[in-house]
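# Residue-level structural notes
Take a look at the letters that make up each chain.
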Amino acid sequence: MEKEFASIIQQLGEDLTREGLVDTPKRAAKAMQFLTRGYEQNLDEVINGALFPTDNSEMVIVKDIELYSMCEHHMLPFIGKCHVGYIPKGQVIGLSKIARIVDMFARRLQIQENMTKQIADAIMQATGADGVGVVIEAQHMCMMMRGVEKQNSSMKTSMMLGSFRKSQSTRGEFLSLIN
Ligand SMILES: Nc1nc2c(ncn2[C@@H]2O[C@H](COP(=O)(O)OP(=O)(O)OP(=O)(O)O)[C@@H](O)[C@H]2O)c(=O)[nH]1
Ligand SMILES: [Zn+2]
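Residues numbered from 1 in each chain as written. Chains lettered and ligands numbered in written order. Predicted model: local features only at pLDDT ≥ 70, side-chain atom pairs only at ≥ 80, totals over all residues. Heavy atoms only, no water.

At 2.1 to 2.3 Å from the zinc ion (ligand 2) lie its protein donor atoms, namely Cys71 (SG), His74 (ND1) and Cys142 (SG). Summarised as a motif, the one-chain spacing of the donors to the zinc ion (ligand 2) is C-x2-H-x67-C. With His74 in the loop between strand E2 (60-71) and strand E3 (77-87) and Cys142 in helix H6 (residues 141-144), this pair connects stretches of sequence that are 68 residues apart. With relative accessibility at 36%, the residue His74 sits in the partly exposed group. (Donors = N, O, S within 2.8 Å, 3.2 Å for Na, K, Ca; no water. Helix = DSSP H or I, 4+ residues; strand = E, 2+ residues; numbered from the N terminus. Buried < 20%, exposed > 50% of the residue type's maximum accessible area, 1.4 Å probe, protein only.)

Next up, the structure:
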């Protein structure tokens, strides 16, 4: 990857030997690897067994989980917040693990809609919950820094599974608690 970044910098017409740029291909490769580290993770490893028995079957919500992802069309960042809700069925998941699951999917080349579904599916799969809801609100640099150059729009996506999909009132409770 380092070589490819060196080639990109050269193709920009820059001088790769100037002081500020000498280590840039190495840094850029390292940064890119960090930004896409989700490819090296899997659900079991991320959860690390942190599931705990409970007889609480009321909605659990973790809101405002910040996320940094990269759009798969332009490889530019999109940045936002993820809200997750679920209704436990016999077990709850460690609080931090929800944020780790969000990161595992965010740190890949993504479109927001697919990421939203992947997060919801993973939480459902991991917890066997009665229902899961995920809402993501993000701003896409490919739409702000270039292209249509709109600075104030954001995109909201959602995925509702199980009781969140079937029951209007469950979905309503979730949406009112995250807003
Ligand atoms: N639905 C969706 N679209 C996205 C996402 N990230 C980027 N895009 C869009 O992907 C589309 C790619 O369109 P193209 O016409 O192939 O590419 P482009 O010529 O660079 O498009 P413009 O951004 O309109 O200049 C654009 O409309 C982007 O806004 C995302 O997460 N979800
Ligand atoms: Zn894009």
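A separate point is the UniProt feature "domain: GTP cyclohydrolase I" (unreviewed entry) in the protein. Per the UniProt annotation, the sites labelled "domain: GTP cyclohydrolase I" (unreviewed entry) are residues 1-178. End C-alpha to end C-alpha, residues 1-178 measures 40 Å, and it is 42% helix and 28% strand. (UniProt positions renumbered as here; feature names shortened; annotations may be inferred.)

Nonpolar side chains in soluble globular proteins generally cluster together in the buried interior. Core analysis: the biggest nonpolar cluster contains 33 residues, and Cys82, Ile101, Ile119 and Val132 have the highest contact counts within it. Of all the secondary structure elements, the ones that give two or more residues to this core are helix H3 (43-47), E2, E3, helix H4 (95-106), helix H5 (112-127), strand E6 (131-140) and strand E7 (155-162). Take this core: its biggest share by element is 7 residues, from H5. Not counting residues up to four positions away in its chain, the partners in contact with Ile119 are Cys82, Ile101, Val102, Phe105, Val134 and Ile136. If you look at the next biggest cluster of nonpolar residues, it comprises 7 residues, including Val135, Met160, Phe164 and Phe174. (Core = buried A, V, L, I, M, F, W, Y, C linked by side-chain atoms within 4.5 Å. Contact = heavy atoms within 4.5 Å.)

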